[in-house]
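# Coordinates in review
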Amino acid sequence: IALIDAAGVPRWARRAPGIILSLATLPQDGLILVGQADSLLALSAGSGQPAWETPIAAGVWAIAPLEHKADPVIAVGTDAGAILLLNNQGQVRGRTQLPSRVHTLAWTDLDGQGPSELLARAGDYVYAFRQAVEGEAGAGVREVATFPYWPAASPFPPIPEGYISLVVVGDIMLARGTEA
């Protein structure tokens, strides 16, 4: 992993301790998040030195930081179908389980009511979760609510019978070329 400035000059470089499955940044805290086969590693953007590492029992395929809060939330999706919510110190705050590998995560305000919802793509499905992060690190999420139906005030035009509409938010991928 290397950080290269705007002039193309490397600021620092370090060998990743394992296979890199995903990358994200948490600029508010000056961190680069590295998803690996068995952990989430946070590196200091300034020096490249490890800030913290959280062991995870499966490969980290998706990382989605939500920064506009005083305490950022980092959503992590694994190849075992788990979605973990971590704080900016790498402490697990909550989790839920989906039936298959989590390919992509993205935060967005779907219902227009302020707090962002978490979109997750696992298998052939896209899931939407409301935030319910409360309590101390490790206390878990009190509830994980999904939308039972699309919110009534959808910003999208109605689709005629027999047609399919695909809504893509952020970098949701329908497939990865590396899957077996």
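Rules used throughout
- Residues numbered from 1 in each chain as written.
- Predicted model: local features only at pLDDT ≥ 70, side-chain atom pairs only at ≥ 80, totals over all residues.
- Heavy atoms only, no water.
- Helix = DSSP H or I, 4+ residues; strand = E, 2+ residues; numbered from the N terminus.
- Buried < 20%, exposed > 50% of the residue type's maximum accessible area, 1.4 Å probe, protein only.
- Areas by Shrake-Rupley, 256 points an atom, 1.4 Å probe, with all protein chains shown as cover.
- Pairing = 2+ DSSP bridges.
- Contact = heavy atoms within 4.5 Å.
- Axes fitted to C-alpha atoms, helices over the stretch in contact; angles between N-to-C directions.
- pLDDT = per-residue confidence, 0-100.

### Considering the overall build of the protein chain
When its secondary structure is counted, the protein chain shows 0 helices and 13 strands. Taken from N to C terminus, the helices and strands of the protein chain fall in the order β-β-β-β-β-β-β-β-β-β-β-β-β. Relative to its full complement of 180 residues, the protein chain shows a buried share of 38%. Accessible surface, the protein chain as shown: approximately 10100 Å² in total, 54% of it carbon and sulfur.

### Section: the pairing of strand β8 (residues 73–78)
Counting buried positions over the 6 residues of β8 gives 6, a clear majority of the element. On β8, burial covers both faces: V73, A75 and G77 on one face and I74, V76 and T78 on the other are all buried. Where β8 meets strand β9 (residues 82–86), 4 bridges bridge the pair, whose relative direction is antiparallel. Note on β9: the bridge partner recorded for I74 is L86.

### Things to note about the environment of P55
Considering the arrangement of structural elements, one finds P55 in strand β6 (residues 50–55). In sequence terms P55 and Q36 are 19 residues apart; their C-alpha atoms lie 9.5 Å from each other. If sequence neighbours within four positions are ignored, P55 has contacts with D38 and S39.

### Concerning the side chain of T54
With respect to the element layout, T54 can be found in strand β6. When neighbours within four sequence positions are excluded, T54 is seen to be in contact with D38, S39, L40, L86, G90 and V92.

### Focus on the sheet that holds β6
The strand order β3-β4-β5-β6 describes an open sheet built from 4 strands, whose pairing is antiparallel. The two strands at the open ends of the sheet, each matched to only one other strand, are β3 (20–26) and β6. For this sheet, the mean angle separating the axes of adjacent strands, direction not counted, is 15 degrees. As defined by bridge partners, strand β5 (residues 39–44) adjoins β6 across 5 bridges and the pair is classed as antiparallel.

### A word on the confidence of the model for the protein chain
It should be kept in mind that the predicted coordinates are not to be read in detail where pLDDT is low. Averaged over all residues, the pLDDT of the protein chain equals 78, while 71% of them reach at least 70. Contacts from residues 137–153, a stretch scored under 50 in pLDDT, to residues over four places away or in other chains number 37 contacts. Below pLDDT 50 for its whole length, residues 176–180 participates in 6 contacts with residues either more than four positions away or in separate chains.

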